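What the coordinates show
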Amino acid sequence: MRPLIGRRRLLKYAAAGLSVAAVPGVALAQTAVQRPPKQTVPDEFSITAPVSIEVNARPLPSFDTRDRSRLRFGELEYRSGLILTSRFRGFGGLSGLRLDAKGERFIAISDKGGWFTGRIVYKGREMTGLDDVEASPMLGPDGKPITSRGWFDTEAFALDGSLVYVGLERVNQILRFDFAKGFTRAHGELIQLPLGVRKLPYNKGIEALVVVPKGLPLAGTLIAISERGLDAQGNITAFLIGKTLGLFSIRRTDNFDVSDAVLLPSGSLLLLERKFSWLGGVGIRIRRVALASLAPGAVIDGPSIFEADLGHEIDNMEGIDVHVTPEGDTVLTLVSDDNFSMIQRNLLLQFTLVE
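Since we're looking at a predicted model, the values are computed, not measured. Residue positions are counted from 1 within each chain, in the order its sequence is given. The predicted origin of the model limits local features to residues at a pLDDT of at least 70 and limits the giving and counting of side-chain atom pairs to 80 or more, whereas totals for whole chains, interfaces and linings rest on all residues. With hydrogens and water excluded, all non-hydrogen atoms of the structure serve as input to the side-chain values.

Concerning the overall build of the protein chain
Counted only if it meets this: Working definition: helices are DSSP H or I runs of at least four residues, strands are E runs of at least two. Numbering for both runs from the N terminus. In this scheme, a residue with accessible area under 20% of its type's maximum is buried, one over 50% is exposed, and one in between is partly exposed, where area comes from a 1.4 Å probe on protein chains only. Note on areas: Shrake-Rupley, 1.4 Å probe, and residue coverage restricted to the protein chains presented here.
Scanning the protein chain from terminus to terminus reveals three helices and 24 strands. Per-residue burial for the protein chain yields a buried fraction of 52% across its 355 residues. Total accessible area on the protein chain is roughly 16,000 Å²; 55% of this is exposed by carbon and sulfur atoms.

Digging into the layout of surface pockets
Convention followed: A cavity here means a set of 1 Å grid points, computed over protein atoms only, where a 1.4 Å probe fits but cannot escape. A pocket is an open set with protein on both sides within 12 Å along at least 5 of 7 lines, and lining residues have an atom within 4 Å of a point. Grid points are joined across faces, edges and corners, and a volume is the space filled by probe spheres set on the points. Note on residue categories: nonpolar means Ala, Val, Leu, Ile, Met, Phe, Trp, Tyr, Cys or Pro, charged means Asp, Glu, Lys or Arg, and polar means any other residue, Gly included.
Here the largest pocket is characterised by a volume of approximately 520 Å³. The set of elements that each furnish at least two residues to the lining of the largest pocket consists of strand E5 (94–99), strand E9 (154–160), strand E13 (206–211), strand E17 (257–263) and strand E22 (317–324). A class-by-class count of the residues in the lining of the largest pocket yields 17 nonpolar, two polar and four charged.

Quick look at the packing of aromatic side chains
Convention followed: By convention, a stacked pair of Phe, Tyr or Trp rings (six-membered ring in the case of Trp) has centres within 6.5 Å and planes under 30 degrees apart, an edge-to-face pair has planes over 60 apart, and any other such pair is tilted. Charge-over-ring placement is defined geometrically: NZ (Lys) or CZ (Arg) within 6 Å of the ring centre, and within 35 degrees of the ring normal.
In total, this model carries 13 aromatic pairs according to the counting rule given. Note on phenylalanine 91 and phenylalanine 116: the rings are 5.3 Å apart at their centroids and 70° apart in plane angle, and the pair reads as edge-to-face. In this pair, phenylalanine 91 sits in the loop between strand E4 (76–85) and E5 while phenylalanine 116 sits in strand E7 (residues 114–123), placing the two residues 25 residues apart along the sequence. In this pair, the class of phenylalanine 91 matches that of phenylalanine 116, namely buried. Put simply, the rings of Phe63, Phe73, Tyr78, Phe306 and Phe351 touch in pairs and so form one group of aromatic residues. Residue placement shows lysine 112 over the ring face of phenylalanine 340; its charged tip is 4.4 Å from the ring centre.

Focus: the sheet that holds strand E16 (residues 246–250)
For sheets, the rule is that strands pair by backbone hydrogen bonds, running either parallel or antiparallel. Where we set the bar: Any two strands with at least two DSSP bridges between them are considered paired.
Read from one edge to the other, the open sheet built from five strands follows the order E13-E14-E15-E16-E20, with strand pairing classed as mixed. Edge positions in the open sheet fall to E13 and strand E20 (299–300), since each of these has one partner strand only.

Details of empty space enclosed by the protein
Per the stated rule, a full pass over the model turns up two cavities of 30 Å³ or more. Reported here for the largest cavity is a volume of approximately 100 Å³. Forming the boundary of the largest cavity are Leu84, Phe91, Leu94, Leu97, Phe106, Ala108, Phe116, Ile120, Leu130, Val133, Val335 and Leu348. Within the residue set of the lining of the largest cavity, elements represented by two or more residues are E5, strand E6 (105–110), E7 and strand E8 (126–137).

A few points about the environment of threonine 244
We count it as follows: In this analysis, two residues are considered to be in contact whenever any of their non-hydrogen atoms come within 4.5 Å of each other.
Here threonine 244 shows up in the loop between strand E15 (236–241) and E16. Judged by its relative accessible area of 23%, threonine 244 is partly exposed. Residues threonine 244 and proline 296, spaced 52 residues apart in sequence, show a C-alpha to C-alpha distance of 8.5 Å. Those residues in contact with threonine 244 that sit more than four places away from it in its chain are Leu218, Thr221 and Pro296.

Here we look at the pairing of strand E14 (residues 222–230)
Across the nine residues that make up E14, a large majority, seven, are buried. Alignment of E13 against E14, held across five bridges, turns out to be antiparallel. Paired with leucine 209 across the bridge in E14 is alanine 224. From the end of E14 to the start of E15, which pair antiparallel, there are five residues, and glycine 234 there has a positive phi angle of about 85°.

Observations regarding the environment of glycine 81
By secondary structure assignment, the location of glycine 81 is in strand E4. For the pair glycine 81 and alanine 57, spaced 24 residues apart in sequence, the C-alpha separation works out to 9.3 Å. Among residues more than four places away in sequence, those in contact with glycine 81 are Arg58, Pro59, Leu60, Met127, Leu348 and Leu349.

A word on the pattern of salt bridges
Here is the rule: Salt bridges are defined as contacts in which a side-chain nitrogen from Lys or Arg sits within 4 Å of a carboxyl oxygen from Asp or Glu.
The full count for this structure, using the stated rule, is 24 salt bridges. Residue arginine 70 pairs with aspartate 64 through a salt bridge whose shortest N-O separation is 3.0 Å. Since its relative accessible area comes to 32%, arginine 70 is described here as partly exposed. Linking arginine 251 and aspartate 301 is a salt bridge whose minimum nitrogen-to-oxygen distance equals 3.7 Å. Of the two residues, arginine 251 sits in the loop between E16 and E17 while aspartate 301 sits in the loop between E20 and strand E21 (304–308), which places them 50 residues apart along the sequence. Note on arginine 251: relative accessible area 35%, which makes it partly exposed. Relative accessible area serves as the criterion here: at 39%, aspartate 301 is assigned to the partly exposed category. Several salt bridges converge on common partners, so that one network encompasses Arg251, Asp254, Glu273, Arg285, Arg287 and Asp301.

Things to note about the sheet that holds strand E10 (residues 163–168)
Taking strand neighbours across the sheet as the criterion, the four strands line up as E9-E10-E11-E12 in an open arrangement whose pairing is antiparallel. Of all strands in the sheet, those with a lone pairing partner are E9 and strand E12 (189–190), marking the two edges. With six bridges joining them, E9 and E10 adopt antiparallel strand pairing. Residue pairing in the sheet places phenylalanine 157 in a bridge with valine 166 of E10.

Some remarks on the side chain of serine 226
Definition in use: Polar contact criterion, stated in full: a pair of N or O atoms within 3.5 Å, where within protein one must be able to donate a hydrogen and the other to accept it, and residues adjacent in sequence count only if both atoms are side-chain atoms.
Note that serine 226 resides in strand E14. Residue serine 226 is classed as buried on the basis of its relative accessible area, which comes to 0%. Within polar-contact distance, the side chain of serine 226 engages the backbone nitrogen of glycine 229 at 3.0 Å. Within the structure, serine 226 has its side chain in polar contact with the backbone oxygen of threonine 237 (distance 2.8 Å). If we ignore the near neighbours within four places in the chain, the residues touching serine 226 are Leu200, Lys204, Gly205, Ile206, Glu207, Ile236, Thr237 and Val258.

As structure tokens, this is what we get:
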């Protein structure tokens, strides 16, 4: 994805750079100190098997930077958030996240062809950190990391039991993994796709994947949504793959593009969207769409239930998932892609859906 740079953080880092440059004696003194050789920290390109990594978490006690006491944002109520960092150089670029029914164990994907698995640690209802985190290379049909084929931009992610679907945006393909065959060591196989998927624009391809479970309209269908593959009317192109086949569109408004999607237990489809401009900065929103409105040839739309900008603790939000707590709260978890940039952040945010 195109890097999304917040102006306030850009200015902060620019200011930090100027302050160092203004004190050249400090830099000279540092070079005179004999330092021990740095230990090599592996990255996502050098690992060929799962490795345990440590991820540090710093809490975000509030979401609104202008009013720290505010909790309600549209139909969402802020629960907690974390800023995630790691010495493992491959940690970052988080483009998708799926949680277990308890909202604890997770599988995440990096847009550089890697898996991250682990557990969210809670204190009460608030997230406090990550534990048992492993990084693994995503393997292709030949058992080699998919990056050896030049496959990157693994942006979309869906679960169907033990089957895992991953969208490769820049080559407009979808891999299917069977986690019953080795978990993250499973080999991905390309699935057959409608011709329109292969014709999506470069770097604007499949950005969201959802498998419809049993008991809902379109059960067994894989929904594949592009980031900004536009139809003749300027709406976002999406596909129904599987038992139901067809092309539909999502009405595009206010320059928002799709970054992920998830189904609520009630059957509504939530679309996570974001926009960026050098003047306006980053913005995100979540729209609710009736699943029953999806059909070949349809143009779907729905109301916004949540919006945020750089006055809030957001970044390049690319992943969304949902779980229900034992108390009956429907919790949305959002994750950001830092583009491996020092002026962006890996954020993990949770909200209660207030219906």
